[in-house]
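The chain contents come next:
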Amino acid sequence: MISNKTLFIGIFSLCFAGFATAQDQKSGEIKDAEFIIQKDRLITLPVASRNFEKIPPVPKAKPLTSMQYQFKDFAFPVPGISTDVRPFNLAFKPLEKQTYPLYVKLGYGNYNTPYGELWYNSLNSDLYTYGVHAKHINYMNGPVDQQNSAENHTNIALKGQYFGRTSVIKGNIFFDRDQYHFYGYTPIPATEILAEDIRQRFVNFGGQVGIENLDKMDAFTYSATLGARFFQDFYEATENEITITGGLAYQPQTNFKVGLDIGTYLTSPRDLNVNVNRNLFRGTPYLTLGQPDQLYFKGGVNVVQENDDFVGKESDLHIYPTLLLSYQIIKELAVEIALDGDMERNTLLSFVNMNPWMRNDLNLLNTNKLYEASAKVNGRLAGDFNFEVGFSYAERTNEAFMANAASDSTRFDLIYESGFSRTSNIFVGFHYDKNDIYKVGLRADMYRYDLENLQEAYHRPQYSIKVYNTVKPLAKWTFQGDVTFMGGIDALNLESGFTTRLDPFIDLNFRTDFQMTPRVGLFLNLDNALGREYQRYLNYDTRGFQILGGLSFKL
C-alpha cells in the first residue's frame, strides 16, 4: 500500500520537473512528454447493521372521569293553520255569436230602385258546407226617357261541398236574369218609343259538379269538373255549352312538379242565321322547378284544337309556348318574366257581358294570341306597402272590336282585325294595408295598339286608372270608396261612317256601413257621385248620381 505522503511527494516532483523543463524550452516550442498516474489503493467499507424490529404503539391515556349524555324532547306550541280554499271566480262576459248563417240587405234608391240581397251559409259541420246567394235590383227609370232606359238584374246561386276521407265533391247551380233596353237613340219630339219595343233580356242558368283531392300537400293531386249552361236572349238567340276541365299533377319533392291541365268546350250558338257547333280542346303539359319564393321556373306547351272557320285560317291545330321564370332577389323584391300563347275563346255570353247592346246574328270567332311576352317587378316597401311595375307585348290575329251596327246604330256589331294586332301595355300598381284599419290600392295602365287593317282599336281605352280604399276607424263603422278614370276611347258608327273620340270620364263611388247592434246595421251607397252621365259605349249615357240606402240584419 502506498502512503499518502509518498503519493504527494511523487505528484509534486512531477509538477516541478515539468515546470523546470518548460522554462528551459524556447518560447512557443512544445516537446513530447508522457505522464503516468498509478492508483493502487483499494478502499473498503464495513457492512452496515439493519434493525428489522417494529416500533411498539404508544398506550392510550385513560380519562380521569366518565362522560354522560342526556337527550330531551322539545315541544313548541305552534297553532294549526286553517286552509279555507275557495275557487277564484272570473267575471266572464257572455259570448256573443260571432257568425250568423243568414245575412240580408234591403234598400231603396233614386231612379225608383228597390234592392234586396241575401246570403245564407251553413255552419258547424265537418262533413259538408252549403250556401245560397240571391240578389235583385231594379232601376225602374234611367237616364233617357225614364222606363226606356230601365234596367234590372236577378241572380241566384247555390253551392255546396262534401268532404270525404281523401277527396272533396263540389257543386253549384246558378240562375241569372238581366234586362236592358236599347236606349242609344236621339229622342225625337212628338215621337213615342215604347219600352217594350226596345227591350232586351238575357237568361243564363246552369251548374257544375267536380271532385278534387282533399290534401293539396299530397305528392299526387287531381281535379275534374263537368259543367253545363244554357243562355237565351229576348229575341230567341241561344247558346248552350258543355265544359269538361281537369288536371293531374305529381310533386315528389318541393322543388319539382309535373302536371297536365285539360279543357274541353262544346258550344252551340243558335240564331236567325247562325247554326254552328264550336268546339275547342286544350291540353297543357308542364313542369315546374324550384319554389315561388326563391328561384322558380314553369315550362310547358298549350296544344289547342278548334274548329272555327274563317278566311286565312291555316290549321285547326295550334301549339303555343308557356314559360315563366321568377326570382326572389331579396325578401322584399322579386322579378318575373313570362312568355305564353293561347286561343282566346269568344262566346255570345262573353260579348254580352262586356256590352249588353249587341245585335243578333253575331259572327262568333275565337282570337288567336300568337304570343304575349311580359316582365314585371314586385316588392314590398316599409312593411305594409306593396308595389308592382311591368309591361307586356302581345301579338294576335282575328282580334274582335265593337262598333255601332250599320243597320241600327243603337246596337253593336263585331269587327275583326284580319291581320296582326299588336298591343303594348305598361302598368304600375300598389297596395297598402294597415292592420285592416286602412286599405288602399291603385292600378294604372297605358295601352298602345298597332293594327294592320283597322284604323283604331274601337271602344278600347288607351289609359285607365283605378283606385280603391277601405277605412274602418271604429269597430261599427266601415267606409269604402273607389274611383275609375278612363279615356282615349275611339268609337266607330258603321251607320254614319264617322269615328268619334269619347270624352274621358271619372266614376266615383262610396259605400258606408254602420253596425248598430251585432245583428242590425245601416248602409248607404253613392254611385257616380260626381253625377256625370258619361258614355263608355257610343250613344249610351250612364246613370248620373245614384243614392241607395237601407237596412241590413243577421239571423
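Scoring rules and cut-offs
- Residues numbered from 1 in each chain as written.
- Predicted model: local features only at pLDDT ≥ 70, side-chain atom pairs only at ≥ 80, totals over all residues.
- Heavy atoms only, no water.
- Core = buried A, V, L, I, M, F, W, Y, C linked by side-chain atoms within 4.5 Å.
- Buried < 20%, exposed > 50% of the residue type's maximum accessible area, 1.4 Å probe, protein only.
- Helix = DSSP H or I, 4+ residues; strand = E, 2+ residues; numbered from the N terminus.
- Contact = heavy atoms within 4.5 Å.
- Pairing = 2+ DSSP bridges.
- pLDDT = per-residue confidence, 0-100.
- Phe/Tyr/Trp six-rings, centres within 6.5 Å; stacked < 30°, edge-to-face > 60°.
- Lys NZ or Arg CZ within 6 Å of the ring centre and 35° of its normal.
- Lys, Arg positive; Asp, Glu negative; His and termini not counted.
- Salt bridge = Lys/Arg side-chain N within 4 Å of Asp/Glu carboxyl O.
- Polar contact = N/O pair within 3.5 Å; in protein donor to acceptor, adjacent residues only side chain to side chain.

Now for the nonpolar core. Core analysis: the biggest nonpolar cluster contains 25 residues, and L348, F351, V352, W357, M358 and L414 have the highest contact counts within it. Secondary-structure elements contributing two or more residues to this core are helix 2 (348-354), strand 15 (385-404) and strand 16 (412-434). The contact partners of W357, leaving out residues within four places of it in the chain, are Y180, H181, F182, Y183, T410, R411, F412, Y537 and Y540. Judged by nonpolar contacts, the second largest core, of eight residues, contains I415, L451, L454 and A457.

Looking now at the pairing of strand 19 (residues 477-487). Bridge count between strand 18 (residues 463-471) and strand 19: nine bridges; the pairing is antiparallel. Bridging across to strand 19, N469 finds its partner in G481. What sits between the antiparallel neighbours strand 18 and strand 19 is a turn of five residues. The sheet contact formed by strand 19 and strand 22 (residues 505-515) spans 10 bridges and is antiparallel. Residue pairing in the sheet places W477 in a bridge with F514 of strand 22.

Moving on to the environment of L226. Along the chain, the position of L226 falls in strand 7 (residues 220-233). Residue class for L226 comes out partly exposed when judged on its relative accessible area of 44%. When the C-alpha atoms of L226 and G246 are compared, they prove to be 8.8 Å apart, with 20 residues separating the residues in sequence. Dropping the residues within four chain positions of it, L226 is found in contact with G207, Q208, V209, I242, T243 and I244.

On to the confidence of the model for the chain, then. Across the chain, pLDDT averages 87, with 82% of residues at or above 70. pLDDT under 50 marks residues 1-30. Its contacts with residues more than four places away, or in other chains, come to six contacts. Low pLDDT, under 50, characterises residues 69-90; the stretch is placed with zero contacts to residues that sit more than four places away or in other chains.

Here the structure, examined in full by the defined rule, presents 22 aromatic pairs. Ring centres 6.1 Å apart and planes at 55° place the aromatic pair Y180 and F202 in the tilted group. Taken together, the residues Y180 in strand 5 (residues 167-181) and F202 in strand 6 (residues 199-213) connect sequence positions 22 residues apart. For F202, a relative accessible area of 7% puts it in the buried group. Taking the centre distance of 5.4 Å and the plane angle of 35° together, the rings of F205 and F230 count as tilted. One end of the pair, F205, is in strand 6; the other, F230, is in strand 7, and 25 residues separate them in sequence. Taken together, the aromatic side chains of Y180, Y183, F202, F231, W357, F412, Y537 and Y540 make up a single cluster linked through ring pairs. Of note, R411 hangs over the ring of F182, and the distance from its end group to the ring centre comes to 4.0 Å. One Lys or Arg, R543, reaches over the ring of Y139 and ends 3.7 Å from the middle of that ring.

Here the focus is the side chain of E117. Note on placement: E117 falls in strand 2 (residues 113-121). Although E117 is buried, it makes no salt bridge; K135 carries the closest opposite charge, 4.7 Å away. At a separation of 2.8 Å, a polar atom in the side chain of E117 contacts the side chain of H133. Those residues within four positions of E117 in sequence are excluded, and the remaining contacts are Y103, V104, K105, H133, A134 and K135.

A separate point is the side chain of T367. Inspection of the secondary structure assignment puts T367 in strand 14 (residues 367-381). Taking relative accessible area as the criterion, T367 reaches 3% and is therefore assigned buried.

Even without a glycine there, the phi angle at N112 is positive, about 55°. Tracing the backbone through its elements, the reader meets N112 in the loop between strand 1 (102-109) and strand 2. Accessibility expressed as a relative area gives 30% for N112, which makes it partly exposed. A positive phi angle, near 60°, is found at H459, a position not held by glycine. Tracing the backbone through its elements, the reader meets H459 in the loop between strand 17 (438-451) and strand 18.

Once that is clear, we can look at the pattern of salt bridges. Counting across every chain of the model gives 23 salt bridges. For D413, the salt bridge goes to R359, with nearest N and O atoms at 3.0 Å. Of this pair, D413 sits in strand 16 while R359 sits in the loop between helix 2 and strand 14, placing them 54 residues apart in sequence. You can call D413 buried: its relative accessible area is 14%. Judged by relative accessible area, which is 27%, R359 ranks as partly exposed. Note that R443 and D445 form a salt bridge whose closest N and O atoms lie 2.9 Å from each other. The exposure class assigned to R443 is partly exposed, which follows from its relative accessible area of 33%. Through salt bridges with shared partners, one network takes in R229, E239, E241 and R345.

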